[in-house]
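# Reading the structure
So you can see what is in the structure, the chains are spelled out below.
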Amino acid sequence: MNFLQERIEKDGRVLSERILKVDNFLNHTIDPQLMDQIGKAFADYFKDTKPSKVLTIESGGIAPALMTALHLNIPVIYAKKAKPSTMDNPVSTEVFSFTKQKTYTICMEKEAIVPGDRVLFIDDFLADGQAFKGVEDLMAQTGSTLCGCGFCIEKSFQKGRPYIESKGYPFYSLAPIEKMVDGKIFWLYVQN
Ligand code: 5GP
């Protein structure tokens, strides 16, 4: 089992067959050392895809995306969930939130990512892939290329993984969950 799978088994809480709570090290309280390990793992895996920027969505993706960008020595951009008045030329799209069961708008400055950029998308969770689809849409509006996507935790039983695989994007998840039953996590495979 890798460091993240071990940490999830130790400190994560299965709230239902579909929801895992990781608020004590990833989503609310954040463990910086763990984020550093996550960032290094993603950077090692994706470095040969030659990303020029890391992209994520606030707020859960920011910590792992930032550490990935640090290890790759490239900038990180996070799509925002509210448009600040300081944003000059935003691109935006709608995303349906799995955990909140509502639709929200994400936006970013159009010039933050330019045609020719090779974008690595990093997020905390992959569930139905709605956030990912939103990012695909934002990127289409900027004319950039997605060179890979990395997820800390993947719930393989939801729709996100087959969608991303069908698109053929380089894809890596550190903790792929096959199912959650009676409070116990079953891994799709055990990562080294
Ligand atoms: P998706 O867009 O892939 O349907 O869902 C991904 C987003 O929903 C993640 O960025 C994360 O914020 C949230 N999410 C999905 N499943 C879970 C879960 O089991 N636990 C937590 N804490 N967040 C989740």
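Heads up: these notes are all about the structure in this document. (Residues numbered from 1 in each chain as written. Predicted model: local features only at pLDDT ≥ 70, side-chain atom pairs only at ≥ 80, totals over all residues. Heavy atoms only, no water.)

It is worth spelling out the nonpolar core at this point. In terms of nonpolar packing, the biggest core is built from 33 residues, with L4, I8, L20, I38, F42, V54 and I153 touching the most fellow members. Of all the elements in the fold, those that place two or more residues in this core are α1 (3-11), α2 (32-46), α3 (62-72), β7 (118-126), β8 (145-155), β9 (171-181) and β10 (184-187). Of the residues forming this core, the biggest block, seven residues, is contributed by α2. Not counting residues within four places of it along the chain, the set of residues in contact with L20 comprises I8, G12, R13, V14, F125, I153, I177, M180 and I185. If you look at the next biggest cluster of nonpolar residues, it comprises 23 residues, including L55, F132, C149 and I164. (Core = buried A, V, L, I, M, F, W, Y, C linked by side-chain atoms within 4.5 Å. Buried < 20%, exposed > 50% of the residue type's maximum accessible area, 1.4 Å probe, protein only. Helix = DSSP H or I, 4+ residues; strand = E, 2+ residues; numbered from the N terminus. Contact = heavy atoms within 4.5 Å.)

Another point: the layout of surface pockets. Estimates place the volume of the largest pocket at around 670 Å³. S97, T99, K100, D124 and F125 are the residues nearest the centre of the largest pocket, which is lined by 32 residues in total. Of all the elements in the fold, those that place two or more residues in the lining of the largest pocket are β2 (20-21), β5 (90-97), β7, α4 (130-142) and β8. Of all the elements, β7 adds the most residues to the lining of the largest pocket, at four residues. Grouping the constituent residues of the lining of the largest pocket by class yields 15 nonpolar, eight polar and nine charged. (1 Å grid on protein atoms, 1.4 Å probe; cavity = no way out; pocket = protein on both sides within 12 Å on 5 of 7 lines; lining within 4 Å. Points joined across faces, edges and corners; volume = space filled by probe spheres on them. Nonpolar A, V, L, I, M, F, W, Y, C, P; charged D, E, K, R; others polar.)

As a further point, take the pairing of β9. Sheet faces and side chains relate simply in a regular strand, where the side chains alternate between the two faces. In terms of burial, β9 is a largely internal element, eight of the 11 residues being buried. Two strands pair when backbone bridges link them, and β8 and β9 are joined in this way by six bridges, in the parallel orientation. Looking at the pairing, G150 lines up with Y172 of β9. The pairing of β9 with β10 spans four bridges and is antiparallel. Bridge pairing links M180 to I185 in β10. (Pairing = 2+ DSSP bridges.)

The geometry of an aromatic ring pair comes down to the distance between the two centres and the angle between the two planes. Applying the stated criterion across every chain yields a total of nine aromatic pairs. Each ring, one from F132 and one from Y163, has its centre 6.3 Å from the other, and the planes form 70 degrees; the classification is edge-to-face. Of the two residues, F132 sits in helix α4 while Y163 sits in helix α5 (residues 160-167), which places them 31 residues apart along the sequence. The buried category is assigned to F132, whose relative accessible area is 1%. With a centroid separation of 6.0 Å and an interplanar angle of 45 degrees, the aromatic rings of F151 and F171 are classed as tilted. (Phe/Tyr/Trp six-rings, centres within 6.5 Å; stacked < 30°, edge-to-face > 60°.)

Counted by the stated rule, this structure contains eight salt bridges. Residue R161 pairs with E154 through a salt bridge whose shortest N-O separation is 2.8 Å. Looking at R161, the relative accessible area reads 14%, which means it is buried. What makes E154 buried here is its relative accessible area of 0%. The salt bridge involving E165 is made with R161; its shortest N-O contact spans 3.2 Å. In this pair, E165 and R161 are both assigned in helix α5, four residues apart and thus about one turn of the helix distant. Assessed through its relative accessible area of 45%, E165 is described here as partly exposed. Via salt bridges that share partners, R7, K10, D11 and D31 belong to a single interconnected network. (Salt bridge = Lys/Arg side-chain N within 4 Å of Asp/Glu carboxyl O.)

On to the sheet that holds β8. Spatial strand order, β4-β3-β7-β8-β9-β10: six strands in an open sheet with mixed pairing. Bordering the open sheet on either side are β4 (76-79) and β10, each of which pairs with just one other strand. Here the average twist between neighbouring strands, direction ignored, is 30 degrees. As defined by bridge partners, strand β3 (residues 53-57) adjoins β7 across three bridges and the pair is classed as parallel. Bridged to L55 within β7 is F121. Lying on the sheet, α2 is in contact with β7, β8 and β9; it crosses β9 at an angle near 120 degrees. Along the sheet face, α4 touches β3, β4, β7 and β8 and points at about 165 degrees away from the line of β8. (Axes fitted to C-alpha atoms, helices over the stretch in contact; angles between N-to-C directions.)

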